[in-house]
Amino acid sequence: MPIAAPRGTQDILPPESRRWQWLEECFRHHGALYGYREMRTPIFESTELFARGVGEETDIVAKQMYSFQSRGGDALTLRPEGTAGVVRAMIQHNLLAQGGVQKICYFGPMFRYERPQKGRYRQLHQVGVEAFGSPGPAIDAETLAFASDFLAAVGISDARLELNSVGCPACRPRYRDALRNALAGARTGLCTDCTRRYDTNPLRVLDCKVESCRTVTRDVPVILDMLCAECRDHLRGVEAGLRALGVPFVINPHIVRGLDYYTRTAFEFIAGGLGAQNTVLAGGRYDGLVAELGGPATPAIGFAAGIERLLMAAGEAAPAPPMAGPVFIATLGDAARAEGARLAQALRRAGVPAAISYEARSLKAQMKEAARQDARYALILGEDELARGDAMLRDMGAGEQTAVAVADIVTLLARRYAA
RNA sequence: GUGGGUAUAGCUCAGUCGGUUAGAGCGCCAGGUUGUGGCCCUGGAGGUCGCCCGUUCAAGUCGGGUUACCCACCCCA
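In this text the structure is predicted, and so the values were computed from the model without any measurement. (Residues numbered from 1 in each chain as written. Chains lettered and ligands numbered in written order. Predicted model: local features only at pLDDT ≥ 70, side-chain atom pairs only at ≥ 80, totals over all residues. Heavy atoms only, no water.)

**Some words on the overall build of chain A**
- Within chain A, the secondary structure is distributed over 15 helices and 16 strands.
- Its C-alpha atoms give chain A a radius of gyration of 28 Å, clearly above 22 Å, the size a compact globule of 419 residues would have.
- C-alpha extents for chain A along the principal axes are approximately 95 × 55 × 45 Å.
- Across the 419 residues that make up chain A, the buried fraction comes to 49%.
- When contacts within chain A are restricted to residue pairs at least 6 apart in sequence, long-range pairs at least 24 apart make up 70% of them.
- Summing over all exposed atoms, chain A offers an accessible surface of approximately 20300 Å²; the carbon and sulfur share of this is 51%. (Helix = DSSP H or I, 4+ residues; strand = E, 2+ residues; numbered from the N terminus. Rg over C-alpha atoms; globule rule 2.2 N^0.38 Å. Buried < 20%, exposed > 50% of the residue type's maximum accessible area, 1.4 Å probe, protein only. Contact = heavy atoms within 4.5 Å. Areas by Shrake-Rupley, 256 points an atom, 1.4 Å probe, with all protein chains shown as cover.)

Spelled out as structure tokens, the structure:
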């Protein structure tokens, strides 16, 4: 058996790669509309960054990281997500000292050691944004509008935005205690995972998918009723902003984030057609993270989306804009083939995509090759044409051909391809 | 980490009760057409039936194991 790509990774082959380029272009375009600038950070970072930035007790850090020791003895990890690296870079380069709002977008591969399945990979690719420096709900609404518009642009118009507030360090502990109290009586009805979560992170019981747990959590108090005044006002501000911007949403009090520096706004976009992995884009506010990583206290909000899932959810809706079909130069004889190569180069330098036959083959075989390459034109150059100083220019779509002087070909085709 | 499914040509898949030379469609190459793609006809190339072990006179087919992929749990994008 020859060597195969590692488990949970995949090769993005043409023409699928064209859809990736298209999606990345969509993302860049929307980023520019909303004032985001791209940042590129390393694919590996200090393991400690993720331990602190994502959280020691999360599954991602506890059992899904590709960690290794460098030859110099440093503990490093392939990034499992994008936010930690961006925040680290913002702090390291003192970009937050500039004041104002800083909007950063990024995309690239992330790595998580998970059991692969539909929509879940060990090397996944995300696009993401982070906005630093604005504490109010207006930027939350704008960020969600960005997400919604971006999804629509890539052909996912049926995604449902689910919104929640996870409170803040002032009100969340109070809710956590209330939740624990409410669950205490029904502990025996919880699944084994949730029995553990009851102690470690009771909020996570809320998004458990086991039926018995859902039954238990149906009547439990919701955080929305226990938010402090500031968090409640913030959420109302986000809702008002979304309505003003025309972004539909539903409140789902069961959306949670595991860590203390996630604050207030939390959201997910749910799309169909993805099986169990149906979250296509998710994010939230993390007003405590920059300070947690040693930077100046800075409010922030962001989201990330998995490219593989986006393309799956988009399905047929995601077009793969075809490249302009080339001019295929079919030649007969060594002298004509050499002239064809020169002609092709002249065409390319004039901005016209050109292809040639590298070997001596029958004209029929070359015409089939031209059709296979979806050529717009075939340029047929044989001994006779070479002697006359012209070539047959065949319109592959129309199936008509005319003789054109070699001297005029580049100018003529450059004009047609420019149109 | 747990469970289920699948594995035959480049791709998508047939393959009967275990039976002698493993098939189809698409794709590829060539010819029909001495210099013209798509449609048609003819021919050709291409296979360690995932891998190992076992049962049997005989295994693509049955059994065990293993690996990979897929799906679900879990977790998340």
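Structure shown, so let's carry the discussion forward.
**A look at the nonpolar core**
- Counting 64 residues, the largest nonpolar core has Ile156, Phe269 and Val280 as its most contacted members.
- Looking at which element gives the most residues to this core, the answer is helix α5 (residues 137–153), with eight residues.
- In contact with Phe269, not counting residues within four places along its chain, are Leu144, Ala147, Ser148, Leu151, Ala159, Arg160, Leu161, Asn278, Thr279, Val280 and Leu281.
- Counting 28 residues, the second largest nonpolar core, distinct from the first, contains Met39, Ile60, Tyr261 and Tyr286. (Core = buried A, V, L, I, M, F, W, Y, C linked by side-chain atoms within 4.5 Å.)

**Notes on the packing of α5 against helix α9 (residues 229–245)**
- Packing of α5 against α9 brings their axes to within 8 Å, and their N-to-C directions diverge by 45 degrees. With respect to α9, the axis of α5 lies oblique. The element α5 and its partner α9 pack so that their crossing is right-handed. Counting all contacts with α5, which are made through Pro137, Asp140, Ala141, Glu142, Leu144 and Ala145, the residues of α9 involved are His234, Gly237, Val238, Gly241, Leu242 and Leu245.
- A breakdown of the residues in the contact of α5 with α9 according to their chemical character gives seven nonpolar, three polar and two charged. (Axes fitted to C-alpha atoms, helices over the stretch in contact; angles between N-to-C directions. Parallel < 35°, antiparallel > 145°, perpendicular 65-115°, else oblique. Left-handed = near helix turned anticlockwise from the far one by under 90°. Nonpolar A, V, L, I, M, F, W, Y, C, P; charged D, E, K, R; others polar.)

**Structural notes on the packing of helix α1 (residues 16–33) against helix α11 (residues 307–314)**
- It is at 11 Å that the axes of α1 and α11 come closest, and there the two elements cross at 105 degrees. Between α1 and α11, the angle is such that the two are roughly perpendicular. Side by side, α1 and α11 meet where Glu16, Arg19, Trp20, Leu23 and Glu24 of the first sit next to Ile307, Glu308, Leu310 and Leu311 of the second.
- Tallied by class, residues from the contact of α1 with α11 come to five nonpolar, no polar and four charged.

**Regarding the environment of Phe267**
- By the secondary structure assignment, Phe267 is in strand β9 (residues 263–270).
- Since its relative accessible area comes to 0%, Phe267 is described here as buried.

**Let's talk about a nonpolar patch on the surface**
- Taken together, the side chains of Ile43, Phe44 and Phe68 present a nonpolar region at the surface, about 260 Å² in accessible area.
- Within the secondary structure, Phe68 is located in strand β3 (residues 66–69). (Patch = residues over 30% accessible without salt bridge, like charges linked within 9 Å, V, L, I, M, F, W, Y side chains within 5 Å. Salt bridge = Lys/Arg side-chain N within 4 Å of Asp/Glu carboxyl O.)

**Brief notes about the sheet that holds strand β4 (residues 75–78)**
- In space, the three strands of this open sheet follow the order β2-β4-β3, with antiparallel pairing throughout. Each edge of the open sheet is held by one strand with a lone partner, namely β2 (44–46) and β3. When the angles between neighbouring strand axes are averaged without regard to direction, this sheet yields 35 degrees.
- As judged from the four bridges shared by β3 and β4, these two strands associate in the antiparallel manner. (Pairing = 2+ DSSP bridges.)

**Side note on helix α15 (residues 406–418)**
- Taking 1.5 Å per residue, 13 residues should reach 18 Å; α15 reaches 19 Å between its end C-alpha atoms and fits that length.
- Among all positions of α15, only Ile409, Leu412, Leu413 and Tyr417 are buried. Across the axial projection of α15, the buried residues extend over an arc of 125 degrees, all falling on one side. Opposite its buried face, α15 presents the exposed residues Ala407, Arg415 and Ala418, each directed more than 90 degrees away.
- Where α15 is buried, its residues contact β12 (327–331), α12 (334–349), β14 (377–381), β15 (390–395) and β16 (400–405). (Expected span 1.5 Å × (residues − 1). Arc of directions from axis to C-beta.)

**Brief notes about the domain arrangement of chain A**
- Domain assignment breaks chain A into domain 1 (16–171 + 227–317) and domain 2 (327–414).
- For domain 1 versus domain 2, the separation of C-alpha centres amounts to 50 Å. (Domains from an automatic or database assignment.)

**Quick notes on the protein's contact with RNA strand B**
- Inspection of the region around RNA strand B gives 44 residues, with Arg112, Arg115, Lys118, Arg197 and Met396 positioned closest.
- Within the contact set of RNA strand B, a phosphate oxygen lies 2.6 Å away from a side-chain nitrogen or oxygen of Arg372.
- Counting residues per element, the ones that place at least two in the surface near RNA strand B are β6 (123–132), α7 (192–200), β10 (279–285), β11 (300–306), α13 (363–372) and α14 (383–388).
- Sort the elements by how many residues they give to the surface near RNA strand B and α13 lands first, with six residues.
- Looking at the surface near RNA strand B residue by residue, the classes come out as 14 nonpolar, 11 polar and 19 charged. (Near = heavy atom within 4 Å. Polar contact = N/O pair within 3.5 Å; in protein donor to acceptor, adjacent residues only side chain to side chain.)

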